[in-house]
Amino acid sequence: MAHDVQQDYLAVSARLDVPDEAQMRAAITGAGLGAASFVAGGGRPAVGLVTRRRVGAFQVTGSRVPVTAEIVMYRYDDAMTHGMGDQTFLRLTHGLAPAEVLIMREGSLVYDIRVTTSDAVATQGVFWAFHLARVVAQACDGIVLDPGAQRCLAPGAMASMAVERPETHITLHDEVWAADRRWLHTHGVQKYGQPEIDLRDVPTPLAREAREVLRQVVGSLTQGFTLRTGQQVLIEGTTPLITITAPTDMDHQAGTGRLTLVDAPTPSEMDAQSPRECLATLALGEARQLLAQGNITTALATIERVLTALPDDSAALSLKATLAMRAGNYLEALAQGELMEMRSPGDYRGPLACATALAAMSRFPEALGEINQALHLEPEAQECFALRAEIYARMGDSRQAAEDRSHAAYLRHYAAR
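First, a word on scope: everything that follows refers to the structure included in this document. All residue numbers here refer to positions counted from 1 along the written sequence of the relevant chain. With the structure being a predicted model, the display of local features is reserved for residues of pLDDT at least 70 and the display and counting of side-chain atom pairs for 80 or more, all residues being used for whole-chain, interface and lining totals. Excluding hydrogens and water, the side-chain values take into account all heavy atoms of the structure.

Regarding the overall build of the protein
Secondary structure assignment for the protein yields 14 helices and 14 strands. Values of the radius of gyration come from C-alpha atoms, whereas the globule rule sets the reference at 2.2 Å times the count of residues to the power 0.38. For the protein, the C-alpha radius of gyration of 30 Å lies well beyond 22 Å, the compact-globule estimate for 417 residues. The C-alpha extent of the protein, read off along each of the three principal axes, is 95 × 40 × 40 Å. To sort residues, take the accessible area from a 1.4 Å probe on protein chains only and compare it with the maximum for the residue type: under 20% means buried, over 50% means exposed, and anything in between is partly exposed. In the protein, buried positions account for 47% of the 417 residues. Put simply, 57% of the contacts in the protein that link residues at least 6 apart link residues at least 24 apart. Residue-level accessible areas treat just the shown protein chains as cover; the underlying method is Shrake-Rupley with a 1.4 Å probe. For the protein, the accessible surface area stands at approximately 20100 Å², while carbon and sulfur atoms represent 52% of it. Counting from the N terminus, the helices are DSSP H or I runs at least four residues long and the strands are E runs at least two residues long. Working rule for contacts: check all heavy atoms of both residues, and any pair within 4.5 Å makes them a contact.

Considerations on the nonpolar core
Core analysis: the largest hydrophobic core is formed by 69 residues, its most contacted members being Val213, Val217 and Ile371. With nine residues, helix α7 (residues 276-292) is the largest single contributor of residues to this core. The residues touching valine 217, leaving out its near neighbours within four places in the chain, are Ile197, Leu227, Val233, Ile235 and Leu261. Counting 32 residues, the second largest nonpolar core, distinct from the first, contains Val55, Val67, Leu109 and Ala137. Think of a nonpolar core as a cluster: buried Ala, Val, Leu, Ile, Met, Phe, Trp, Tyr and Cys residues, connected wherever their side-chain atoms sit within 4.5 Å.

As for the side chain of serine 274
Tracing the sequence through the fold places serine 274 in the loop between β14 (258-263) and α7. Of the residues examined, serine 274 reaches a relative accessible area of 6% and is grouped as buried. A distance of 3.0 Å separates a polar atom in the side chain of serine 274 from the backbone oxygen of aspartate 201. Setting aside anything within four residues of it in sequence, one finds serine 274 in contact with Arg200, Asp201, Val262 and Asp263. Counted as a polar contact is a pair of N or O atoms within 3.5 Å, where, for protein atoms, one must be capable of donating a hydrogen and the other of accepting one, and residues adjacent in sequence contribute only when both atoms are in side chains.

Some remarks on helix α6 (residues 207-222)
Quick reminder: α-helices carry 3.6 residues per turn. Residues three or four places apart thus point the same way. With 16 residues, α6 extends 22 Å between its outermost C-alpha atoms, agreeing within 8% with the 22 Å of an ideal straight helix rising 1.5 Å per residue. When α6 is considered as a whole, its buried residues turn out to be Ala207, Glu209, Ala210, Val213, Leu214, Val217, Val218, Leu221 and Thr222. Positive phi shows up at glycine 224, right after α6, with a value of about 105 degrees. What a helix is expected to span follows from its residue count: subtract one and scale by 1.5 Å.

With respect to the packing of helix α12 (residues 364-377) against helix α13 (residues 382-395)
At a minimum axis separation of 10 Å, α12 and α13 run at an interaxial angle of 155 degrees. Taken together, α12 and α13 sit at an angle that is classed as roughly antiparallel. When the axes of α12 and α13 are compared, the crossing they make is left-handed. Facing Phe364, Ala367, Leu368, Ile371, Asn372, Ala374 and Leu375 of α12, the residues of α13 in contact are Cys384, Phe385, Leu387, Arg388, Ile391, Tyr392, Arg394 and Met395. For this scheme, ten residues count as nonpolar: Ala, Val, Leu, Ile, Met, Phe, Trp, Tyr, Cys and Pro. Four count as charged, namely Asp, Glu, Lys and Arg, and the remainder, Gly too, count as polar. Class assignment for the residues of the contact of α12 with α13 results in twelve nonpolar, one polar and two charged. Only the stretch in contact is used when a helix axis is fitted, and all axes are lines through C-alpha atoms; the angle between N-to-C directions ranges over 0 to 180 degrees. Roughly parallel covers angles under 35 degrees, roughly antiparallel covers those over 145, roughly perpendicular covers 65 to 115, and oblique covers all other angles. Put simply, a crossing is left-handed when the front helix is turned counterclockwise from the back one by less than a right angle, and right-handed when it is turned clockwise.

Observations concerning the environment of glutamate 21
With respect to the helices and strands, the residue glutamate 21 is situated in helix α1 (residues 21-30). Assessed through its relative accessible area of 34%, glutamate 21 is described here as partly exposed. A C-alpha to C-alpha distance of 13 Å links glutamate 21 and tyrosine 111, two positions 90 residues apart in sequence. With residues near it in sequence (within four places) discarded, glutamate 21 still touches Phe38 and Phe58.

Looking at the packing of aromatic side chains
Pairing of aromatic side chains here covers Phe, Tyr and the six-membered ring of Trp, requires ring centres within 6.5 Å, and sorts the geometry by plane angle: under 30 degrees stacked, over 60 edge-to-face, intermediate tilted. Using the criterion set out here, one finds three aromatic pairs in the structure. To sit over a ring, a charge needs its Lys NZ or Arg CZ within 6 Å of the ring centre and within 35 degrees of the ring normal. Positioned above the aromatic ring of tyrosine 74, the side-chain terminus of arginine 52 is 3.7 Å from the ring centre.

Observations concerning the packing of helix α9 (residues 314-326) against helix α11 (residues 349-360)
Where α9 meets α11, the axes come as close as 10 Å, and the angle between the chain directions of the two elements is 10 degrees. Here α11 runs roughly parallel to α9, going by the angle between their axes. Contacts between α9 and α11 involve Ser314, Ala315, Ser318, Ala321 and Met325 on the former and, on the latter, Arg349, Ala353, Thr356, Ala357 and Ala360. The residue makeup of the contact of α9 with α11, split by class, is six nonpolar, three polar and one charged.

A few points about the layout of surface pockets
By volume, the largest pocket is sized at about 610 Å³. Here the term cavity refers to a set of points on a 1 Å grid, laid over the protein atoms alone, in which a 1.4 Å probe fits but cannot get out; the term pocket refers to an open set having protein on both sides within 12 Å along at least five of seven lines, with lining residues being those that place an atom within 4 Å of a point. The wall of the largest pocket is formed by 26 residues, among which Asp8, Pro147, Gly148, Gln190 and Gln253 lie closest to the centre. Looking at the lining of the largest pocket, the elements that each hand over two or more residues are β1 (4-12), α2 (86-93) and β6 (109-118). Broken down by class, the residue content of the lining of the largest pocket amounts to six nonpolar, twelve polar and eight charged. Grid points are joined across faces, edges and corners, and a volume is the space filled by probe spheres set on the points. In this model, the second largest pocket occupies a volume close to 250 Å³. At the level of elements, α6 and α7 are the ones that each hand at least two residues to the lining of the second largest pocket. Each residue belonging to the lining of the second largest pocket can be placed in one class, and the counts come to one nonpolar, five polar and six charged.

Written out as structure tokens, the structure reads:
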């Protein structure tokens, strides 16, 4: 069943006079947006401590998109932003030139733009509404306030923005959550009839990965993918996320709701409240790509970011041990393996890293003990059988080496099916 989706913009005029009715209609029609008609206004409703007078309105019907719009012109007794808190004003006007900020601070002639369309054509409605707001701003030399995205835009900036890109219509806020945590959340996804998205309690070193996750999820939502509470979200190369309903305050409400993405809890967990495991997996995937490209310095820096956020992450410690092995630093690789054994005693990758380093140093009996411990923890790990085959071969036990090679090959074949 189709539902209405609403877009709202405010254009704060740099002028005191209302533009000529015929010129405004011609600007809208000339932009290919559809037919516009003028309706004279009157009345003087009070809005809180601010009064405004309706001085007229335009009704617009889209020609190529099934959309309607009402542009109501109001003249405020004081500036439209009179009474707005300094912090809110600064956030909304961030990025504007001083002259443009002055328009927002002093402007009293305001064009209230409300666009309505169906969620079946929400994306086309978003593009159409943005184009209309741009035309109105150009006609009144004004600044557009986008309440959905919580920002202001000047006509020049709007003219250079690609209408089909999600970041044209959606903003991403990155705020402090705790001393070493961030809160990343969207504003503007509701324009597409979709819920706003949060990532809470994000370790600061993994904020870059959090932004990438939000970009991917938002990109899917703007293409028609839908999300609801309790739904699993899969980002390629990462562990699953799950959606939960986000708590909201006055500044973060959305008619379409707000969802938080968290790690899908393991069977031993009651719930999860952070996406850190997913973000760490994403970062380590990037580190492996960097290693494959020979960019060891950046790969190591990425691994260290993960370990700063999650000091006990076995995958990061294992990859760091691999880096040490490649550099021929076997003692460092052994130290990483021992650290894993201490911090995650149930993870086979700790004794595997130790066995790999010990074998490289020709300490075969110790290596054999470690690899057997790894196989005790993970009996079907083909890399463990492959390493044990190598250890047996170097110890002169060809029969045991052949058996382990055969089993490792079987496990590889089975895993590839």
